[in-house]
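The chain contents come next:
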Amino acid sequence: EKWNVILAQLQQEKPIQYITGEAWFYGLQFEVNENTLIPRPETEELVEWIIESQKSKVKSQKFEILDIGTGTGCIPISLKANLPHVNVSAIDVSEKALEVAKRNAASNKVEINFIQTNILEVEDLSQLQTPNFQLPTSFDIIVSNPPYVRNLEKQEIKKNVLDYEPHLALFVEDTDALLFYRKIAQLALKNLAPNGLLFFEINQYLGKETVELLENLGFKNIELKKDI
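Keep in mind the model is a prediction, meaning the values are calculated, not measured.

### Some words on the nonpolar core
Argument step 1. Membership of the largest hydrophobic core comes to 32 residues, with the highest contact counts inside it found for Leu66, Ile91, Ile119, Leu125, Leu128, Leu135 and Ile142.
Argument step 2. Sorting the residues of this core by element identifies β3 (64–68), β8 (139–144), β10 (171–172), α7 (179–191), β11 (192–200) and α8 (207–216) as the ones contributing at least two each.
Argument step 3. Here the element with the most residues in this core is α7; it accounts for six residues.
Argument step 4. When near neighbours in sequence (up to four residues on either side) are disregarded, Leu66 contacts Ser89, Ala90, Ile91, Leu125, Leu135, Phe139, Ile141, Ile142 and Val143.
Argument step 5. In this structure, Phe25, Leu28, Phe63 and Val86 belong to the second largest nonpolar core, which totals 26 residues.

Following this line, the structure appears as structure tokens:
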């Protein structure tokens, strides 16, 4: 019976991760549901890049990382599991996604500071707080895999993504596709430590435009990487 139910769901192109309620990411197990994007292998590459960037660094007393638009929590949880000495915070607009992320942090035995807010309405990251936690004034690393798929690209999106994954985490308006990148980069200008690093996962068609956006805001040493 169970097999037939799963088979019927697969025939409807429901992602296997939503059927089983779990996904693997960077060697860790994560709960997923329709309120969270399914973690992707390309995002594992982003996590790997961040971890590699820290390998040669001296483990200073206090090191702060912030993930914006966390979803399942796969980025901050993987970073904390592999860089246990750092403090990691994460933001998401979706309360339901944060509930999943909190359970994922607990099941993977790491401590993450989660804050629910709409990043587009934030003027300074250091103003954000929960009853028992306030974000620091400065971060050594800010990372984000924000919504970046334009509506004009919808015809490229397969049914298993379009019909099941949360559109809130996927789509932006065609007229302002780099909305989140601009906002996060502007916040980084205020809240990134000197020589701090900003990491983005981006739209494959907008690499040049994203680099130009960052250059115009005054960022240095910008590296555009091609993922798998």
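### Regarding the layout of surface pockets
Argument step 1. For the second largest pocket, the calculated volume is near 580 Å³.
Argument step 2. Lining the second largest pocket are 37 residues, and of these Gly69, Asp92, Pro147, Leu168 and Ala169 lie nearest its centre.
Argument step 3. Breaking the lining of the second largest pocket down by element, the ones donating at least two residues are β3, α4 (74–82), β4 (87–92), β10 and α7.
Argument step 4. No other element matches the three residues that α7 contributes to the lining of the second largest pocket.

### Observations concerning the pairing of strand β2 (residues 28–31)
Argument step 1. Where burial is concerned, the two faces of β2 differ: the one with Leu28 and Phe30 is buried and the one with Gln29 and Glu31 is not.
Argument step 2. Inspection of the sheet shows strand β1 (residues 22–25) paired to β2 by four bridges, in the antiparallel sense. Paired with Ala23 across the two strands is Phe30, which belongs to β2.
Argument step 3. Counting the residues that bridge the hairpin from β1 to β2 gives two residues, and of these Tyr26 lies at a positive phi of roughly 50 degrees.

### Let's talk about the sheet that holds β11
Argument step 1. With parallel pairing, the five strands of this open sheet are ordered in space as β5-β4-β3-β8-β11. In this open sheet, the two strands that pair with only one neighbour each are β5 (113–116) and β11. Geometrically, the sheet is characterised by an average inter-axis angle of 20 degrees between neighbouring strands, direction not taken into account.
Argument step 2. In this structure, β8 lies alongside β11, joined through five bridges in parallel fashion. Bridge assignment links Ile142 to a residue of β11, and that residue is Leu198.
Argument step 3. Packing of helix α5 (residues 95–107) onto the sheet brings it into contact with β4 and β5, and relative to β5 it is tilted by some 175 degrees.

Cut-offs and rules
- Residues numbered from 1 in each chain as written.
- Predicted model: local features only at pLDDT ≥ 70, side-chain atom pairs only at ≥ 80, totals over all residues.
- Heavy atoms only, no water.
- Core = buried A, V, L, I, M, F, W, Y, C linked by side-chain atoms within 4.5 Å.
- Buried < 20%, exposed > 50% of the residue type's maximum accessible area, 1.4 Å probe, protein only.
- Helix = DSSP H or I, 4+ residues; strand = E, 2+ residues; numbered from the N terminus.
- Contact = heavy atoms within 4.5 Å.
- 1 Å grid on protein atoms, 1.4 Å probe; cavity = no way out; pocket = protein on both sides within 12 Å on 5 of 7 lines; lining within 4 Å.
- Points joined across faces, edges and corners; volume = space filled by probe spheres on them.
- Pairing = 2+ DSSP bridges.
- Axes fitted to C-alpha atoms, helices over the stretch in contact; angles between N-to-C directions.

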